[in-house]
Each structure stands twice: as C-alpha cells, then as structure tokens.
Number of protein chains: 4
Amino acid sequence: MSRPVPFVHPVIVRYLEVDQQGVVFNMWYLAYLDDALTAFLSAGGLRYRDMLESGYDVQVVHTELDWHGPLGYGDPAEVQVGVAHIGRTSFKLRFDVLASGRRVLNASTVYVAMRTDGSGKCEIPPTLLCALGPVT
Amino acid sequence: MSRPVPFVHPVIVRYLEVDQQGVVFNMWYLAYLDDALTAFLSAGGLRYRDMLESGYDVQVVHTELDWHGPLGYGDPAEVQVGVAHIGRTSFKLRFDVLASGRRVLNASTVYVAMRTDGSGKCEIPPTLLCALGPVT
Amino acid sequence: MSRPVPFVHPVIVRYLEVDQQGVVFNMWYLAYLDDALTAFLSAGGLRYRDMLESGYDVQVVHTELDWHGPLGYGDPAEVQVGVAHIGRTSFKLRFDVLASGRRVLNASTVYVAMRTDGSGKCEIPPTLLCALGPVT
Amino acid sequence: MSRPVPFVHPVIVRYLEVDQQGVVFNMWYLAYLDDALTAFLSAGGLRYRDMLESGYDVQVVHTELDWHGPLGYGDPAEVQVGVAHIGRTSFKLRFDVLASGRRVLNASTVYVAMRTDGSGKCEIPPTLLCALGPVT
C-alpha cells in the first residue's frame, strides 16, 4: 500500500457550511470526517462503494470531537487520518483538522463493521482490514 | 378531507441554515418545500412513509424558485401549498413562503409518480390522487 | 421557570437526513442537539436570537456521541436535555435521543460563552445562567 | 482569461447527500451549482472570498432546475457552466450536470449583484464582469 503516513485529505469549506458567526457550523465536521474516511480507505485500496456492493458497511458508534479554533470560508484546510485501534468487529480512527498548520479540531471515531443485509455487526472483513493497514 | 385551503406548514429556520450574510442559504428552501409536501400529503391522509411502503414514491423533475426577500434566523415563517396541475403520471404543486405576511419565495415543482421497485414512472396511484385533492 | 425536568424536545426526521442504508446519517444528530439547545434555552426564558443580539453566543468546544441504535424516516423521536455541569465560562449539557422509548443516542456537549464582538470567551452572562437553571 | 469553454467543475457526491432511494436528494444540486459558480468565478480571476472582502456579493433571485436522471453515490460527475445573459445589475448562468456523459440536470440561475453593507442591489462591479467573461 503506497498510502503516506499520516494520510492527508483536503477540506474544501463550502459557502453554505459557514454560519452567521462566519465559522463552519459544528455539524459539518462530521461530514469532513466521513469524506476523510472514504478517501483513507480508497487510498488503501478499498472504494467505499465496492465495500457496500460486497455486502459490508461501517457504522459510527462513538465519536469525540474537540475544537481548538474556527474554520472560515476559503480557509485552506486538511484532515490527517490515523488508525488508533483495530479490534475484532470494530476499529478506531484518529482525525486532526489543520488549517495552514493551525490546529482546528481533533477527533476520534469508533466504527463497527456491519453486513448490509441487516444481520448486524460482524468481524472486520479482510478487504477492510487490509485497507486500514497497521495501527499508527 | 379536512385540510384547509390554502394549506399552511410552518417553517422553523435552523441556525445552521443561515449563512454568513445572515440569510437562509438558497439550498435549504428545497428542504422546506420537501417538508411542506410531506405535511400536505399527510394532512390529505397519506403519510409519506406509508406511500413508500406501498411501493410508490414521487420524484422531483422540475422546480422553479423566485426569491423576493431574505429569511433570517428566528424569523417566523410558513409555506402555503396549492395544487397547480394534476396529470396522468405527474402533478405540479405551488409553494409560497411568507414571513409575517412578507413574501419571501414562490415556487412551483413538478413531481412524477414512481414505483420504488425501480420500474420507473407510473400513473399516480389512487391514494396519492386522493391526498392531493382538487386543483386549487 | 416552568420548564419540565427532564426537558424534552421533539425530533422530526427530515427525508433528506436519511441515507441509503435507511438511517439518519450521523452528522444530523449534531443538528438535532443544536435544535434542542435552542429550545431548552428558549423554554428557560432566553431566545437564542435575543442572546446573539445582546452580544453573546455559545460555541461548542467538545462533544461526545454514542449511538445505540438507528433512527429511520418517520420514526417519532425526542431529545431529552439535562444540565451536567456549569463552570465560569463554560457549561456542559447532556442529551438523550429516544425513539418510542428506545435509546438511540446519548451525548454530552461542552459550550463556551463568547462575545459576538470577536473578543473571545467570557463569563457566562446572567441571562444565560438563568436560562440554564440548576445542574440536574 | 485562460478558462476553458465550456467551464467544467467536478462533482464529488458525498455519501450523506444520497437518500434512502439511493439517489442524490434534490436540494444538494443547489450546493453543486453554488460550488460551480465559485469555481467558475475563481477560474475567471475572482475568488469569492475576495469579492466579499471588496464589499460585493451575489444573491440568487431565480433558479430553474430540470432533472433528467439520477446521480448515485460514487458516480463520477461534473457541472458545465456557461454565461446565458449579462444585464446591468444581474446575470444568468446555465448549468449542465453530466455523469459519464449522461445528462443528469440542466439549470439556469439569475444572480443579482449586491453590496455587503446592506444597501441592496447594485451594478455588476468591473471585477465580477471581468470574471464572468462573455456570454457563451
């Protein structure tokens, strides 16, 4: 896998994501993290769409977010993604949002592997394990 | 059907819908119209969820929106809904968003009746026809 | 203050908030919590808009969310709001999302009081303290 | 100006934009058009942020959208942008969303030039006129 460590995904702030105080509304950070997860797995060889089509999905069961500063419209920013923990049916990612080197947010999220047939959680499938790579 | 004419559905502006110019971003009006459609059909006896479960859905194929003024956070507002046209497989609704009597937006939207099994558009089913009521 | 304990705010799931797995996408829960905060303060006598106009705002600096089950389109749901902690410049709320008694999410969020003039965080103003009420 | 004709801006469908029918919910197309406007002006030499900072903004007063097909998660897509009309205080853009050559949506939007100081609409400022380029 040629994915760099740490993996970095750009954040493009949409005009509509900025509220009347001139900063990105908190909710949209979960969209940025979801975008970053998708890009992280894709760079690890697993397109999210292919995972869904092969009958697997991941579901967020826990997330913690700490904001250290705001993000404004047009601010160049990025998310760094790392693997904090890998279990049998779940894994934990670590996210850092930076804007020109300034720390904006750090977060960690626990995902559970699921089957898309409704049968619930399952062991992390090999393709997903492979795309996650080692804990970093 | 005891639905009043015109049918009126309240709009509660969410803080996150207001952009840094202090007005609701244009995109969210389509959410308001979708909320109003759902409430309109429900007041006509057809819950959207029940329509989906009975194998039917509606899809927007055309919409036109004219803005006459802004909507700010906390502004009390409402959508008036009317039926502009009913065809064989499609129908057209008319929407007026008002804030304390002030005209904010008027719009019209054409919906096509669809089967949820992927077989495409179909005649407007009787339950939906009934929930739409007469052209007003 | 006549606000009931616990304070309960209804959640109306919008059609657009449900993803292709048929459940509310995680991001929207932060919108529900923000709606609930606003309603909670309003029931405590402080309209969010009035707080902004008097020169104060609150900003989320930390949030933790645990999902226990999904929320689907049309599911009747509600958020219970409690006050977990009140400090000098910050306070912490506790949120529980329930759907027909079933536990969907619990969360806690730390807010910092801010001046809207850009001068940064400040002591919690008396009107906000009053609207928060006691720790419960 | 080295901007190609037609100007093309990529659309990256976010997972959260896809509803339970498996297609992008209609509202998000207005986000795509806003993203495309921003990119179009930027490629014409005017960053949206700079326009705001110089005291000007544009506001959508009319939009018409026609959907010809759906967009699913992971579908590669793009928006083509053209200038349909330029008036004294307003201009009209034309948008075509394509997915691998398949027509998804066509739309046109009328924008009015505004001052950000609240004094209302104004003549299109020279920097904006220049960034729009000729009617195509």
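Residues numbered from 1 in each chain as written. Chains lettered and ligands numbered in written order. Predicted model: local features only at pLDDT ≥ 70, side-chain atom pairs only at ≥ 80, totals over all residues.

Superposing chain D onto chain C requires a rotation of 180° together with a translation of 0.0 Å along the rotation axis, leaving an RMSD of 0.0 Å. Here the symmetry operator amounts to a two-fold rotation axis. The residues that chain D uses at the interface reappear at the interface of chain C in 100% of cases, marking a shared surface. (Least-squares fit on C-alpha atoms with pLDDT ≥ 70 in both. Contact = placed C-beta atoms within 7 Å.)

Relating one copy of the chain to the other requires a rotation about an axis plus a shift along that axis. Superposition record for chain C on chain A: RMSD 0.0 Å, screw rotation 180°, translation along axis 0.0 Å. Here 100% of the interface residues in chain C have copies in chain A that are interface residues too; the copies meet face to matching face.

Residues and elements named next belong to chain B. The first and last C-alpha atoms of helix H1 (residues 27-43) sit 25 Å apart over 17 residues, in line with the 24 Å expected at 1.5 Å per residue. Those residues of H1 lying buried are Met27, Trp28, Tyr29, Leu30, Ala31, Tyr32, Leu33, Ala36, Leu37, Thr38, Phe40 and Leu41. Backbone geometry just downstream of H1 places glycine 45 in the positive-phi region, at approximately 105°. (Helix = DSSP H or I, 4+ residues; strand = E, 2+ residues; numbered from the N terminus. Expected span 1.5 Å × (residues − 1). Buried ≥ 20, exposed ≤ 12 C-beta atoms within 10 Å, placed from the backbone.)

Our focus in this paragraph is helix H1 (residues 28-43) of chain D. All names here are of chain D. Look at H1: 22 Å from first C-alpha to last across 16 residues, which is about the 22 Å you get at 1.5 Å a residue. Listed in full, the buried residues belonging to H1 are Trp28, Tyr29, Leu30, Ala31, Tyr32, Leu33, Ala36, Leu37, Thr38, Phe40 and Leu41. Where H1 ends, the next residue or the one after it, glycine 45, has phi of about 105°, a positive value.

Turning next to the interface of chain C and chain A. Contacts between chain C and chain A engage 14 residues on the former and 14 residues on the latter. For the side of chain C that touches chain A, the secondary-structure elements that each account for two or more residues are helix H1 (27-43) and strand S2 (56-67) of chain C. For the side of chain C that touches chain A, the leading source of residues is S2 of chain C, giving nine residues.

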